[in-house]
2 protein chains.
Amino acid sequence: MVKVGIIGVGTVGESVAKILVENQDVISARAGKQIEVKKGVVRNLAKKRDVNIALTDNVDDILEDSEIDIVVELMGGVDEAYEVVTKALKNGKAVVTANKALLAYHRYELAELAQNQAFEYEASVAGGIPIINALRDGLSANHIESIMGIMNGTCNYMLTKMRDEGVAYERILKEAQELGYAEADPTFDVGGYDAAHKLLILASIAYGIDAKPEDILIEGIENVTQDDIAFAKEFGYEIKLLGIAKKDQNEVELRVHASLISKEEMIAKIDGVMNGISVVGDKVGETLYYGPGAGGDATASAVVANIIDIARSGKSTPMLGFDRPMEGKLTLKNSDDITSRYYLRINVSDKTGVLAKITKIFEQNNISVETMIQKPLDETSANLLISTHNAKESDIQTMITTLQEQEFVNTKPVMIRIV
Amino acid sequence: MVKVGIIGVGTVGESVAKILVENQDVISARAGKQIEVKKGVVRNLAKKRDVNIALTDNVDDILEDSEIDIVVELMGGVDEAYEVVTKALKNGKAVVTANKALLAYHRYELAELAQNQAFEYEASVAGGIPIINALRDGLSANHIESIMGIMNGTCNYMLTKMRDEGVAYERILKEAQELGYAEADPTFDVGGYDAAHKLLILASIAYGIDAKPEDILIEGIENVTQDDIAFAKEFGYEIKLLGIAKKDQNEVELRVHASLISKEEMIAKIDGVMNGISVVGDKVGETLYYGPGAGGDATASAVVANIIDIARSGKSTPMLGFDRPMEGKLTLKNSDDITSRYYLRINVSDKTGVLAKITKIFEQNNISVETMIQKPLDETSANLLISTHNAKESDIQTMITTLQEQEFVNTKPVMIRIV
């Protein structure tokens, strides 16, 4: 009999408790053991919950219960969760968490602490998709060349709706909030931070690279408009918020941003709230993993899979996939050094000579134009929609600043990277 | 130091040996150990090989070498391979194999023998895609509702080419043979047998079900024509060879056949030689795994991942995912009891009254027509392209026999199931 304590019995915690009961036939046959939730910790004991387990509001009732083998941390947040899982490990317990923020900041300290104990976190990236499992075990023979993922269902839902219904960002955001796909303050999702946390976790497993959210390029989808979507359609692209990790010699670039991607790519075909992650290994080539990135049951499916793993065999794999650092360790590439193709939308005054001035600025910044479309906005202004050949991030950023300073450029130019 | 012996040093074996050298930096960091190929067994020692390992033509040089920890079986075939891996296990070695035929016939005996030893086989299904890993570990919390997979790259390549280039099956087959995608005798691939072997392996992990190829419905793509592809296009379908496992109460249906599938489904979007497997779990919903199903390096990527797993932790999971049978074991559904929608192509004499007679026969067999297209073939005959509502397999088979006996039906009607 394996005993589990759940810290944080919200939507996912309730699902975990229910799955362990409802699917116990198959779970105990697979694990070779009975698995039981002994206790759950909640903040508010008075609140009615749809689950039949003993509840307490004191984490120590779990952390110091010697009968409990596995602590499931579902409380969220960083500092308090870090304290809780640290204490759980010190008290000899295995830990399962779905907490991506905790891992984005503390995964290396935790891997150090959990050298001889199981610490699993499948649910922290892309919910129900077993991507940690795939990357850490299934693709372990490969140098990972790149990871490119739709890791935030909220953004993918919104971008899909904007494309299919032709309506503005603000209206789709409101709709997503009403449906519960987006939070009241949507910044964490639409600003790319949620995807960045997940990307950092995957980057550690793929490359052994230690970086924090503030170290990498993170942009969201807030500036995407119907003009951009029309451009994408015309040139055979989809617009997706992608988390990207890419190895280049001994450096790894990590970035999250809205991206134009050829609609022929498998990952471009993923619509709605679904997530999908493409991984290119030097030996296997491209593999892709698709599924629900959120939702109580999907996330709990991953949490329970980790519990079963631990019940089967305790610790079987180093937490972040590396038993020891690789010789010739990889380092994080400076964002300024990233090269990419770019798409720019520039709102300009519709006057003679403006086009010549704009193209001059491109030339002065070593940016070579691939396609250009001019779309009138009203009597006096127009949008220039421009895609470039490969260019350096720092050159693009400098050029955008220069453009913005021109009296014939009406608003800050919007840029979307082409991958 | 972990020592490996490779039995069968062909394309995949050579790749395994090379990956262990070329990627040893990342492999040893992940495994926490050095891994080395000590020896390889080949049939013909005289043949020149592109790999630098000691070779022998005697399997016992590996099986009885007490220094060798892991035996990698890549010889193929059933009986001899079974003998070899059995002896390896008896001699206390861990086994890694890519041999799907061996597993299609002997996986339960092997699981019994390997109760306390590692026996891994990731490469046996869908080459480089870590689908065994996903199904056995990542989705272990779920009752699996269905598996639907493009598990044979040869067939998918051919069907994609037929659709895109509008040419006949025979010509595409010849081209696939010239490119090395199809064997001189292509039956194993185009007849669905290769996919069936893989499906049986997945069905054991998902359902604990013991079945052999001769127990299940296996059909291939040999009868697909441009008429069928035109019908599929018109009604929004793709034609794919699918391996399907589906749970219905306490029964599981297992079948491999050409299928019409809505082109909106993710799996329908997989083209060319690529493989993809969709798995629906009762808790997680649909997840899908995509990647290369064949090729030396992709297959070797999976073999080496298994070697790393074993180096890391020995045996960590029961070979077929179940530590003990589930209570209320699932049984195999009789093929006659399968229900499906069907598409039929019937070559008929173009005479007055024939349509009425055909529809009468449908009615007598309890088959309800959904759509019908009549396409003239020449002055005297026409193709009827018919899709049905849900019907029973045995009723369809009886009706096809009846139709075939009619003097106005010119050839045996062709049937493709709609999923």
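Residues numbered from 1 in each chain as written. Chains lettered and ligands numbered in written order. Predicted model: local features only at pLDDT ≥ 70, side-chain atom pairs only at ≥ 80, totals over all residues.

Asks: Any chance you could explain the overall build of chain A here in plain terms?
Replies: Helix and strand counts for chain A stand at 14 helices and 18 strands. Its C-alpha atoms give chain A a radius of gyration of 24 Å, near enough to 22 Å, the size a compact globule of 419 residues would have. If one aligns the C-alpha atoms of chain A with their principal axes, the spans along those axes are about 80 × 50 × 35 Å. Every one of the 419 residues in chain A was classed for burial, and the buried ones make up 54%. Within chain A, counting contacts between residues at least 6 apart in sequence, those at least 24 apart form 75% of the total. (Helix = DSSP H or I, 4+ residues; strand = E, 2+ residues; numbered from the N terminus. Rg over C-alpha atoms; globule rule 2.2 N^0.38 Å. Buried ≥ 20, exposed ≤ 12 C-beta atoms within 10 Å, placed from the backbone. Contact = placed C-beta atoms within 7 Å.)

Asks: I keep staring at the domain arrangement of chain A and nothing clicks. Help me out?
Replies: Note: interface size is frequently given as the accessible area lost on complex formation between the parts. Considered domain by domain, chain A is made up of domain 1 (2-128 + 296-313), domain 2 (135-291) and domain 3 (336-418). Computed from C-alpha atoms alone, the centre-to-centre distance between domain 1 of chain A and domain 3 of chain A is 50 Å. (Domains from an automatic or database assignment.)

Asks: What should I look at first to understand the relation of the copies chain B and chain A in this one?
Replies: For the pair of chain copies, the relating transformation is a rotation about an axis with a translation along it. With an RMSD of 0.1 Å, the fit of chain B onto chain A corresponds to turning through 180° and sliding 0.0 Å along the axis. Both copies are brought into coincidence by an operation consistent with a two-fold rotation axis. Of the C-alpha atoms belonging to chain B, the one lying closest to the rotation axis is found on Tyr289 of chain B, 2.5 Å away. Here 100% of the interface residues in chain B have copies in chain A that are interface residues too; the copies meet face to matching face. (Least-squares fit on C-alpha atoms with pLDDT ≥ 70 in both.)

Asks: So what exactly am I meant to see when it comes to the environment of Val96 of chain B here?
Replies: Residues and elements named next belong to chain B. Relative to the helices and strands, Val96 resides in strand S5 (residues 94-97). Owing to 28 C-beta atoms within 10 Å, Val96 belongs among the buried residues under this scheme. For the pair Val96 and Ile310, spaced 214 residues apart in sequence, the C-alpha to C-alpha distance is 9.2 Å. Once residues within four sequence positions are removed from consideration, Val96 is found in contact with Ile70, Val72, Glu120, Val303, Asn306 and Ile307.

Asks: Whenever I open this one, the interface of chain B and chain A confuses me. Can you help?
Replies: Opposite the 54 residues of chain B that make contact, chain A presents 54 residues. For the side of chain B that touches chain A, the elements supplying multiple residues, two or more each, are helix H2 (24-31), helix H6 (131-138), strand S12 (285-292) and helix H12 (296-313) of chain B. Per-class residue counts for the side of chain B that touches chain A are 24 nonpolar, 18 polar and 12 charged. (Nonpolar A, V, L, I, M, F, W, Y, C, P; charged D, E, K, R; others polar.)

Asks: Hey, could you run me through the sheet that holds strand S3 (residues 55-56) of chain B in this one?
Replies: Neighbouring strands of a sheet are bound in pairs by backbone hydrogen bonds; such pairs are parallel or else antiparallel. All names here are of chain B. Spatially, S3-S2-S1-S4-S5-S6 is the arrangement adopted by the 6 strands of the open sheet, whose pairing is parallel. Only two strands of the sheet have a single partner each, and these edge strands are S3 and strand S6 (119-120). Judged from the 2 bridges that link them, strand S2 (residues 35-41) and S3 form a sheet pairing that is parallel. When the bridges of S3 are listed, Val41 appears paired with Thr56. (Pairing = 2+ DSSP bridges.)

Asks: Looking at this structure, I do not really get the pairing of strand S1 (residues 2-7) of chain A. What am I missing?
Replies: Two faces belong to every sheet, and in a regular strand the side chains alternate between them. Residues and elements named next belong to chain A. Extensive coverage of S1 is indicated by the burial of 5 of its 6 residues. Pairing of S1 with strand S2 (residues 35-41) involves 6 bridges; the strand directions are parallel. Paired with Val4 across the strands is Val37, a residue of S2.

Asks: Looking at this model, I keep getting lost on unusual backbone geometry. Mind explaining?
Replies: Residues other than glycine predominantly adopt negative phi, and peptide bonds predominantly adopt the trans conformation. Residue and element names in this part refer to chain A. In the Ramachandran plot, Ala126 falls in the positive-phi region, its phi being about 60° despite a non-glycine side chain. The topology assignment puts Ala126 in the loop between strand S6 (119-120) and helix H6 (131-138). Positive phi values are uncommon outside glycine, yet Gln249 reaches one of about 55°. Turning to its location among the elements, Gln249 is positioned in the loop between strand S9 (237-248) and strand S10 (251-262).

Asks: What's the story with the confidence of the model for chain A in this structure? I'm lost.
Replies: Within chain A, residue pLDDT values average 96, and 100% of them lie at 70 or more. This complex was scored by the predictor with a pTM of 0.97 and an ipTM of 0.96. (pLDDT = per-residue confidence, 0-100.)

Asks: In this structure, what is going on with the packing of helix H2 (residues 24-31) of chain A against helix H12 (residues 296-313) of chain A? I would like to understand it.
Replies: A pair of packed helices can be characterised by two numbers: the angle between their axes and the separation between those axes. Residue and element names in this part refer to chain A. Remark: H2 packs on H12, axes separated minimally by 9 Å, with the N-to-C direction vectors making an angle of 35°. Of the residues in H12, those touching H2 at Ile27, Arg30 and Ala31 are Ile308, Ala311 and Arg312. In the contact of H2 with H12, the residues fall into 4 nonpolar, no polar and 2 charged. (Axes fitted to C-alpha atoms, helices over the stretch in contact; angles between N-to-C directions.)

Asks: Please explain the pairing of strand S12 (residues 285-292) of chain A as it appears in this structure.
Replies: Here S12 of chain A lies mainly inside the structure; 7 of its 8 residues are buried. Where strand S11 (residues 274-281) of chain A meets S12 of chain A, 8 bridges bridge the pair, whose relative direction is antiparallel. Bridge pairing in S12 of chain A links Ile277 of chain A to Tyr289 of chain A. Counted along the chain from S11 of chain A to the antiparallel partner S12 of chain A, the turn is 3 residues long. Bridge count between S12 of chain A and S12 of chain B: 3 bridges; the pairing is antiparallel. In the strand pairing of S12 of chain B, Tyr289 of chain A is matched with Tyr289 of chain B.

Asks: So what exactly am I meant to see when it comes to the sheet that holds strand S4 (residues 70-73) of chain A here?
Replies: Residues and elements named next belong to chain A. Pairing is parallel across the open sheet formed by 6 strands, whose spatial order is S3-S2-S1-S4-S5-S6. Looking at the sheet topology across the chains shown, the edges are occupied by strand S3 (55-56) and S6. Seen against the sheet, H12 touches S1, S2, S4, strand S5 (94-97) and S6 and runs at an angle of roughly 160° to S5.

Asks: Where do I start with the environment of Ile144 of chain B in this structure?
Replies: Residues and elements named next belong to chain B. Position of Ile144 relative to the elements: it lies in strand S7 (residues 144-150). Remark: the alpha-carbon pair of Ile144 and Glu109, spanning 35 residues in sequence, is separated by 24 Å. Ignoring sequence-local partners within four residues, the contact set of Ile144 consists of Leu139, Ala206, Tyr207, Lys247, Val279 and Gly281.

Asks: Would you explain the packing of H6 of chain A against helix H10 (residues 193-207) of chain A in this entry?
Replies: Residues and elements named next belong to chain A. At their nearest, the axes of H6 and H10 sit 9 Å apart, and the two run at 15° to each other. Here H6 lies roughly parallel to H10, going by the angle between them. When the axes of H6 and H10 are compared, the crossing they make is right-handed. On H10, the residues that touch Ile132, Leu135 and Arg136 of H6 are Leu202, Ile205 and Ala206. (Parallel < 35°, antiparallel > 145°, perpendicular 65-115°, else oblique. Left-handed = near helix turned anticlockwise from the far one by under 90°.)

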